[in-house]
Amino acid sequence: MENYLAILVVLVVIGLVLSKISPVKRKGGNVHDNQLASVEVADFFRKPVMNASESKLYEFLLHVVNKYHYPVRIYPQVSLGEILKTDNKSAFFAINSKRVDFVIADRDNIPCAVVEYQGAGHWQNNAKKRDAIKKLACEKAGIKYFDIPATYTGNELKPLIDFFDFVNAKEG
């Protein structure tokens, strides 16, 4: 009898553990019902929008924009699906969930450039392919793409500052 009770306790514990780590699927439910069920049982925690090195670059960009009154806005951590559109569903799904570190938009909130900061942890897994997809999609939409290395200097930022000057002259 004790063995059966021990086995029952083990099975209940395993069931509880599995319910916390695997999404719950509701019978006959659609994708959204299943997503809602997963979210209902999950624990969520806040995390910073940017890491420390991204924040440093963001503060620098804001400083330059404000100091020289460039007619642009800078948005951090933007999904490409928010700034690009296409009639090709497969291509849209390829870019929709990919994010860029910063979007530079004009006064009308039309994106004109993106900045990808290649921080220390950036080159993991298939980062080169992900970046190639982002760059190609942006360039096809007429959005300038800037790669900023982890250890950037004024030389690496000069093309970006020149771009701000170009936008300023165009807007002025």
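This structure is a prediction, so every number in the text was calculated from the model and none was measured. (Residues numbered from 1 in each chain as written. Predicted model: local features only at pLDDT ≥ 70, side-chain atom pairs only at ≥ 80, totals over all residues. Heavy atoms only, no water.)

On to the environment of M50, then. Within the element layout of this structure, M50 appears in the loop between α2 (31–41) and α3 (52–67). M50 sits 51 residues away from D101 along the chain, and the two C-alpha atoms are 8.4 Å apart. Here M50 is in contact with S55, Y58, P76, Q77 and F102, once residues within four sequence places are set aside. (Helix = DSSP H or I, 4+ residues; strand = E, 2+ residues; numbered from the N terminus. Contact = heavy atoms within 4.5 Å.)

The strand order across the open sheet formed by four strands is β1-β2-β3-β4, and the pairing between neighbours is mixed. Pairing within the sheet leaves two strands with one partner each, and these edge strands are β1 (72–79) and β4 (144–149). Between one strand and the next, the sheet's axes are offset by a mean angle of 25°, whatever the strand orientation. Alignment of β1 against strand β2 (residues 99–106), held across seven bridges, turns out to be antiparallel. Bridging from a neighbouring strand, V78 pairs with V100 of β2. Here α3 sits on the sheet in contact with β1, β2, β3 (111–118) and β4, set at roughly 160° to β1. (Pairing = 2+ DSSP bridges. Axes fitted to C-alpha atoms, helices over the stretch in contact; angles between N-to-C directions.)

Bringing the side chain of S79 into the picture now. Take S79: it is sitting in strand β1. Taking the relative accessible area as the measure of exposure, S79 reaches 14% and is therefore buried. A distance of 2.4 Å separates the side chain of S79 from the backbone oxygen of N96, its partner in a polar contact. Contact partners of S79, with chain neighbours within four places excluded, come to N96, S97, K98 and R99. (Buried < 20%, exposed > 50% of the residue type's maximum accessible area, 1.4 Å probe, protein only. Polar contact = N/O pair within 3.5 Å; in protein donor to acceptor, adjacent residues only side chain to side chain.)

What follows is about the packing of aromatic side chains. Counted under the stated rule, the structure contains seven aromatic pairs. Feature note: the residues Y68, Y70 and F164 constitute an aromatic cluster, connected by ring pairs. (Phe/Tyr/Trp six-rings, centres within 6.5 Å; stacked < 30°, edge-to-face > 60°.)

Next up on the list: the nonpolar core. Ranked by internal contacts, the top residues of the largest apolar core, which has 22 residues, are L57, I74, F102, I104, V115 and F164. Elements supplying a minimum of two residues to this core: α3, β1, β2, β3, β4 and α6 (154–171). When sequence neighbours within four positions are dropped, the list of residues in contact with F164 reads L61, V64, V65, Y70, V72, I74 and I104. Within the second largest apolar cluster, twelve residues are counted, among which are I83, I95, C138 and Y145. (Core = buried A, V, L, I, M, F, W, Y, C linked by side-chain atoms within 4.5 Å.)

Relative to the elements of secondary structure, V167 occurs in helix α6. Judged by relative accessible area, which is 3%, V167 ranks as buried. Sequence-wise, V167 and V72 are 95 residues apart; in three dimensions their C-alpha atoms are separated by 8.0 Å. With residues near it in sequence (within four places) discarded, V167 still touches P71, V72 and C112.

It is worth spelling out α6 at this point. Given 3.6 residues per turn, any residue in an α-helix points the same way as the ones three and four places further on. Taking 1.5 Å per residue, 18 residues should reach 26 Å; α6 reaches 25 Å between its end C-alpha atoms and fits that length. For α6, the elements touching its buried residues are α3, β1, β2, β3 and β4. (Expected span 1.5 Å × (residues − 1).)

Using the criterion set out here, one finds three salt bridges in the structure. A salt bridge links E116 to K134; the shortest N-O distance between them is 3.0 Å. Here the residue E116 occupies a position in strand β3, and K134 occupies one in helix α5 (residues 127–140), the gap between them amounting to 18 residues. As far as burial versus exposure is concerned, E116 and K134 are alike and both buried. Across the pair D162 and K158 runs a salt bridge, and its minimum N-O distance is 3.1 Å. With D162 and K158 both in helix α6 and four residues apart, this pair spans about one turn of that helix. On the accessibility criterion, D162 (36% relative accessible area) is partly exposed. Overall, the relative accessible area of 46% leaves K158 in the partly exposed class. Connected through salt bridges with shared partners, the residues E116, D131 and K134 form a single ionic network. (Salt bridge = Lys/Arg side-chain N within 4 Å of Asp/Glu carboxyl O.)

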